[in-house]
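# An overview of the molecular structure
Single-letter residue listing:
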Amino acid sequence: MKIIAPYRFVNLHEKVFYPKDEEISFDVPYKDEQSGVIDIKIIAKSPIFVGDKKSEDDKEVKFFKIDEKFCIPSSSIRGVVRTLAEVLSFAKLKTQDLRLSYNKSKKLFYKKSTLDLLKQTQINYDDDKLDMVERIFGYVKKDEALKSRVNFSNFYTHNAKELQPISLILSSPRPTFYPYYILQGNDTCFTYDDANAKLSGFKFYVPKNNMYQKNNKENPKIDTKIQALDKGAVFEGKMRYFNLTPQELGLLLLTLSVFDSQEYYYKIGGAKAFGYGDCHIQINFDNEKLNTLISQYKQLLQENGFDIQKQIEKLKSIAKKMPNDIELKYLELKDFANIKKQMREKCKNKSSQKKSYDKYSTQSKDEPNNPFGNLKQLLF
């Protein structure tokens, strides 16, 4: 199914890559262990917005500050790097085991949870096994936790210029909009309870040619006023890593250098659907060693039957600007209703899926036809 939205998905591989169960140690170094610090620069190529705490009236969000200095917090950088590393290492998609509602007012739920669908999508999903990202970044579960072997500093800027505040509708993603969040083919109408339904994968916003500037005159009560920084802001910080294998460091270096030309962009911060947050990343690391470590990582994946080059190409395809922004339009409420209507029409003659689709084709009054459900504020 063709997606008309400011985001795209990188589909999940049917199998998760689980490295050999070598013990993770914080005391005994690995053979050829890698520890050190990498200086990183982030250059904003479009206006950028990372939200601080909301004001008392809940309607204005300033750019994040620590001690009155603009910065991108370490947690935001960590999140960006971790998500890209998950894609580039064929990791498990991190999701809560949620039962989604297709009619809130009547408290009607799909039979299958998000975790059920994830297991249909990644056929060797095993919560007791660690993928490569969990081994590096650590995890917290009910009865156990693993400490991270990589951390990031806050990233401060000294040349940022504040822009005039602008009002936007900032919304929180929810996967209830199955025409997009469930993988669809040209002739499918899958909902969450279909036997062959699979999750669409990792969601990324596509960089735009132009900032989306439309004002919301119909319902200003759901607007949020944001204070962004202008393009050209340079943020500097560090990544520290401890006792990594060469292949693990190779994954992190690949993540920080995968968009290796000016046409590709990392997306950082909030309001990405409107064109904010297009960034380039520069790292201070010996180029020869970088290529050697990345090659070792790629070789590990190839030896285990994973096509890393194909995964890189998928990621790059949604990290560059399209010829125009027509297919990246910001969807309004009426657009979501129209998309469901089109899907309903397509399913009329598909008897194998019609019964399932008809059951879930109506929405409750308090949950409009949009993938975000009730609009909420997005702080970062």
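What comes next concerns the included structure.

Definitions and cut-offs
Residues numbered from 1 in each chain as written. Predicted model: local features only at pLDDT ≥ 70, side-chain atom pairs only at ≥ 80, totals over all residues. Heavy atoms only, no water. 1 Å grid on protein atoms, 1.4 Å probe; cavity = no way out; pocket = protein on both sides within 12 Å on 5 of 7 lines; lining within 4 Å. Points joined across faces, edges and corners; volume = space filled by probe spheres on them. Nonpolar A, V, L, I, M, F, W, Y, C, P; charged D, E, K, R; others polar. Axes fitted to C-alpha atoms, helices over the stretch in contact; angles between N-to-C directions. Helix = DSSP H or I, 4+ residues; strand = E, 2+ residues; numbered from the N terminus. Parallel < 35°, antiparallel > 145°, perpendicular 65-115°, else oblique. Contact = heavy atoms within 4.5 Å. Patch = residues over 30% accessible without salt bridge, like charges linked within 9 Å, V, L, I, M, F, W, Y side chains within 5 Å. Areas by Shrake-Rupley, 256 points an atom, 1.4 Å probe, with all protein chains shown as cover. Salt bridge = Lys/Arg side-chain N within 4 Å of Asp/Glu carboxyl O. Lys, Arg positive; Asp, Glu negative; His and termini not counted. Charge placed at Lys NZ, Arg CZ, Asp CG, Glu CD.

### With respect to empty space enclosed by the protein
In total, this model carries one cavity of 30 Å³ or more according to the counting rule given. Here the largest cavity defines a volume of roughly 50 Å³. For the largest cavity, the full set of lining residues is Asn 11, Leu 12, His 13, Lys 15, Glu 86, Val 87, Phe 90, Ala 91, Gln 122, Phe 202 and Gln 311. Taken together, the residues that form the lining of the largest cavity break down as five nonpolar, four polar and two charged.

### Some thoughts on the packing of helix α6 (residues 287-303) against helix α7 (residues 308-317)
Viewed as axis vectors pointing N to C, α6 and α7 meet at an angle of 115°, and their least axial separation amounts to 9 Å. Judged by the inter-axis angle, α6 sits roughly perpendicular to α7. Here Lys 298, Leu 301 and Gln 302 of α6 lie close against α7, whose contacting residues are Ile 308, Gln 309 and Ile 312. When its residues are assigned to classes, the contact of α6 with α7 shows three nonpolar, two polar and one charged.

### Section: a negative patch on the surface
On the surface, a cluster of negative charge is made up of Asp 127, Asp 128, Asp 143 and Glu 144. Within the fold, Glu 144 resides in the loop between β9 (139-140) and β10 (145-146).

### Digging into the pattern of salt bridges
Taken as a whole and assessed by the stated rule, the structure comprises 12 salt bridges. A salt bridge links Glu 134 to Lys 92; the nearest nitrogen and oxygen atoms lie 3.1 Å apart. Separated by 42 residues along the polypeptide, Glu 134 in helix α3 (residues 132-137) and Lys 92 in the loop between α1 (74-88) and β7 (99-103) bring together distant segments of the chain.

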